[in-house]
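So the chains spell out like this:
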Amino acid sequence: MDKIRIVGGNALSGTIPISGAKNAALPLMIAGLLTPDRLTLENVPRLRDVALLQRILTNHGVDYSLDGKRPGQDPLAGQTIHFQARDIVDTTAPYELVSQMRASFWVIGPLLARMGEARVSLPGGCAIGTRPVDFFISGLKALGADIDIDRGYVVARAPGGRLLGGRVTFPKVSVGATHTVMMAATLAKGETVIENAAREPEVVDLAACLVAMGAEIEGAGTETIRIQGKRDLHGAWHSVLPDRIETGTYAMAVAMTGGSLDLVNTAPELLSSALGVLADAGVSIEPLKTGIRVRRDGGGIRPVDVTTEPFPGFPTDLQAQFMALMTRAEGTTRITETIFENRFMHVAELVRLGARIHLDGQVATVEGVDRLIGAPVMATDLRASVSLVIAGLAAEGDTTVSRVYHLDRGFERLEEKLSRCGAAIERLSGEGSR
Ligand code: EPZ
């Protein structure tokens, strides 16, 4: 299995192009199931989760093809992929595939809306929490679906073959349930109103793509989304929005090492809350034409307390990276995780690098230290792994991060992007890494 080796201590300086957002690309790809026509997505990141979802969609009958690289194109530029679900050949999403990636459960919305039936494996728990699917079930029931749980599968049927518009009020904000019910409602008969909808930019991006496919949607990005269902949707072309979590991750990396990074092909308004926290921590952030310049020269890192919240609050997907940064702050920080109950697996690994962190339920108290010292550490989930990379960049000596397949799920060419900016980071592959 691959490992990543980092020799810490180099300041970062240079330009990093930000990829398309994984968490937008996945639901956009799933939206391709809603129409027999071709959906073209540009700026799709090259990630393990994207490749896995391609496999899952193929199983349902989706053909896909990639545009070849243009001569002289930056190898870091996103890919263009055409998806076409002319015929849905299978409405079952099997356990072997769904258990590998939770977001693949979301196919239940489009399959049910287009085919009147879907049989999708329950995704099971995952490292960051139990992550139930009750909001999906109640949401689809509100659209008229009959739903049973049968031997580990959610079996959903639309009586008469078509869903009916309805009113869905989520008890708690859920990104995935909002995506799923919104997609399902585009082909339902009549109006659907989703209350307490997720306001994440990825929901807005999906809605924009669905509208380009002929859907009628209002209010995406607010708490109330209204959808007027259509008989059919058609093909469209859509460019995936920039990855706000990747942007925030590199911003925290340079805040940690010192130096100056231009993060380009991104949009700072997608992560105002995280950038505000970084500014409070003493990091300089200036707007650029297509991104931001993030700089920290000389000055120390001030401690700032954060609590994770649904958008527009501080994202849970940046909590681990921010904790890595706060391990070097000049004082004590309290970090409260409110979205997932088990998203502190990086704590024990950061402690191996010399961090001082005390965990009490959903609150981590981080006491800043003068230095971190490199050590072998283990990646446990996507965002936790990258927090170890960030810490390793600022630690003295060698850090090796094992189980890096977690990183490959969500960070495109991480080592290349960082080494272009002066980091001493390399991938040790297979045999050589044991
Ligand atoms: C999305 O997950 C993201 N995944 C996550 O990113 C992100 O951390 C999360 O939203 C929160 O922002 C993708 O977009 C692919 P939720 P999702 O439903 O949709 C509870 C990453 O690292 N809940 O908004 O699965 C749930 O347990 C990943 O890229 C129910 O109780 O998250 C959690 O506590 C990890 N019942 C809360 O809601 C349900 O039926 C929010 O989860 C659904 C959710």
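Before any of the text, the structure's been laid out above.
Residues numbered from 1 in each chain as written. Predicted model: local features only at pLDDT ≥ 70, side-chain atom pairs only at ≥ 80, totals over all residues. Heavy atoms only, no water.

**Student:** How would you explain the overall build of the protein chain if you had to name every residue and give the values?
**Tutor:** Counting its secondary structure elements, the protein chain contains 14 helices and 24 strands. Compactness check: the protein chain gives a C-alpha radius of gyration of 22 Å against a globular reference of 22 Å for 434 residues, within 12% of the reference. With the principal axes as the frame, the protein chain shows a C-alpha extent of 65 × 50 × 45 Å. Taking all 434 residues of the protein chain together, the buried fraction comes to 56%. Of the contacts made within the protein chain by residues no fewer than 6 positions apart, 74% connect residues no fewer than 24 positions apart. Working note: accessible area of the protein chain is about 16,500 Å², and carbon and sulfur atoms make up 48% of it. (Helix = DSSP H or I, 4+ residues; strand = E, 2+ residues; numbered from the N terminus. Rg over C-alpha atoms; globule rule 2.2 N^0.38 Å. Buried < 20%, exposed > 50% of the residue type's maximum accessible area, 1.4 Å probe, protein only. Contact = heavy atoms within 4.5 Å. Areas by Shrake-Rupley, 256 points an atom, 1.4 Å probe, with all protein chains shown as cover.)

**Student:** An account of the sheet that holds strand 16 (residues 284-288) is needed here, citing residue identities and associated values.
**Tutor:** Overall, mixed pairing links the 4 strands, which are arranged 2-15-17-16 in an open sheet. Lying at the two open borders of the sheet, with one neighbouring strand each, are strand 2 (12-17) and strand 16. This sheet shows a mean twist of 15 degrees between the axes of neighbouring strands, independent of strand direction. Pairing analysis gives 6 bridges linking strand 15 (residues 259-264) to strand 17 (residues 291-296), with the strands arranged antiparallel. Each residue of the ladder has a partner; that of Ser 260, found in strand 17, is Arg 295. Relative to the sheet, helix 8 (residues 244-257) contacts strand 2, strand 15 and strand 17, its axis offset from that of strand 15 by approximately 170 degrees. (Pairing = 2+ DSSP bridges. Axes fitted to C-alpha atoms, helices over the stretch in contact; angles between N-to-C directions.)

**Student:** An account of the site of the ligand is needed here, citing residue identities and associated values.
**Tutor:** Around the ligand, the structure places 24 residues, and the nearest of them are Asp 134, Ser 174, Asp 317, Ile 339 and Arg 383. A distance of 3.2 Å is found between an oxygen atom of the ligand and a backbone nitrogen or oxygen belonging to Pro 132. Note that an oxygen atom of the ligand is positioned 2.6 Å from one of the backbone N or O atoms of Ile 339. For the ligand, whose free accessible area comes to 830 Å², the fraction covered by protein is 91%. (Near = heavy atom within 4 Å. Polar contact = N/O pair within 3.5 Å; in protein donor to acceptor, adjacent residues only side chain to side chain.)

**Student:** Can you lay out the pairing of strand 17 for me, pointing to particular residues and giving the numbers?
**Tutor:** Bridge count for strand 16 against strand 17 is 5 bridges, and the pairing is antiparallel. Among the inter-strand pairings, Leu 288 is bridged to a residue of strand 17, identified as Gly 291. What sits between the antiparallel neighbours strand 16 and strand 17 is a turn of 2 residues.

**Student:** How would you summarise the environment of Val 203 if you had to cite specific residues and measurements?
**Tutor:** In this structure, Val 203 sits in helix 7 (residues 201-212). On the basis of relative accessible area, Val 203 is assigned to the buried category, the value being 0%. Separated by 28 residues in the primary sequence, Val 203 and Val 175 have C-alpha atoms spaced 7.3 Å apart.

**Student:** Quick rundown of the sheet that holds strand 14 (residues 236-239)? Include the residues and the values.
**Tutor:** The mixed open sheet is built from 4 strands, whose spatial order is 4-5-3-14. Each edge of the open sheet is held by one strand with a lone partner, namely strand 4 (63-66) and strand 14. Each strand of the sheet is rotated relative to its neighbour by a mean of 20 degrees, with strand direction disregarded. By the bridge criterion, 4 bridges tie strand 4 to strand 5 (residues 79-84) in an arrangement that is antiparallel.

**Student:** Describe in detail the pattern of salt bridges, supporting the description with residues and values.
**Tutor:** Under the defined criterion, the tally for this structure stands at 23 salt bridges. A salt bridge links Glu 195 to Arg 167; its shortest N-O distance comes to 2.6 Å. Separated by 28 residues along the polypeptide, Glu 195 in strand 11 (residues 191-195) and Arg 167 in strand 10 (residues 167-169) bring together distant segments of the chain. You can call Arg 167 exposed: its relative accessible area is 51%. When the shortest N-O distance is used, the salt bridge between Glu 202 and Arg 244 registers 2.9 Å. Here Glu 202, found in helix 7, pairs with Arg 244, found in helix 8; they are 42 residues apart in sequence, far enough to count as distant. (Salt bridge = Lys/Arg side-chain N within 4 Å of Asp/Glu carboxyl O.)

**Student:** Outline the packing of helix 4 (residues 108-115) against helix 6 (residues 175-185), listing residues and values.
**Tutor:** Contact pair helix 4 / helix 6: the axes reach a minimum separation of 8 Å and the direction vectors enclose 15 degrees. By the criterion of interaxial angle, the relationship of helix 4 to helix 6 is roughly parallel. The way helix 4 lies across helix 6 gives a crossing that is right-handed. Within the contact between the two elements, helix 4 uses Ile 108, Gly 109, Pro 110 and Ala 113 and helix 6 uses Thr 180, Met 183 and Ala 184. Along the lines of polarity and charge, the residues of the contact of helix 4 with helix 6 split into 5 nonpolar, 2 polar and no charged. (Parallel < 35°, antiparallel > 145°, perpendicular 65-115°, else oblique. Left-handed = near helix turned anticlockwise from the far one by under 90°. Nonpolar A, V, L, I, M, F, W, Y, C, P; charged D, E, K, R; others polar.)

**Student:** Could you give an account of the nonpolar core, naming the residues involved and the relevant values?
**Tutor:** Across soluble globular proteins, you tend to see nonpolar side chains buried next to one another. One finds Leu 34, Phe 105, Leu 163, Met 182 and Leu 210 to be the most contacted residues of the largest nonpolar core, which totals 79 residues. Ranked by the residues each element gives to this core, the list is headed by helix 1 (residues 22-31), at 7 residues. Grouped together as the second largest cluster of nonpolar side chains are 67 residues, Ile 6, Leu 407, Leu 418 and Cys 421 included. (Core = buried A, V, L, I, M, F, W, Y, C linked by side-chain atoms within 4.5 Å.)

**Student:** Describe the layout of surface pockets, and please don't skip the residues or the numbers.
**Tutor:** Looking at the second largest pocket, its volume works out to about 360 Å³. Forming the boundary of the second largest pocket are 21 residues, of which Asn 43, Gln 73, Ala 77, Gly 78 and Gln 79 lie nearest the centre. At the level of elements, strand 3 (38-44) and strand 5 are the ones that each hand at least two residues to the lining of the second largest pocket. Residue classes in the lining of the second largest pocket are distributed as 6 nonpolar, 9 polar and 6 charged. (1 Å grid on protein atoms, 1.4 Å probe; cavity = no way out; pocket = protein on both sides within 12 Å on 5 of 7 lines; lining within 4 Å. Points joined across faces, edges and corners; volume = space filled by probe spheres on them.)

**Student:** Could you give an account of empty space enclosed by the protein, with specific residues and numbers?
**Tutor:** Across all of its chains, the model carries 2 cavities of 30 Å³ or more by this definition. Taken together, Ala 21, Lys 22, Asn 23, Glu 202, Asp 243, Arg 244, Ile 245, Asp 317 and Arg 383 make up the full set of residues lining the largest cavity. Breaking the lining of the largest cavity down by element, the ones donating at least two residues are helix 1 and helix 8. For the lining of the largest cavity, the class distribution of residues is 2 nonpolar, 1 polar and 6 charged. Lining the second largest cavity are Thr 249, Tyr 250, Ala 253, Val 386, Val 389, Ile 390, Leu 393, Leu 414 and Leu 418. Those elements that place two or more of their residues in the lining of the second largest cavity are helix 8, helix 12 (382-394) and helix 14 (414-419).

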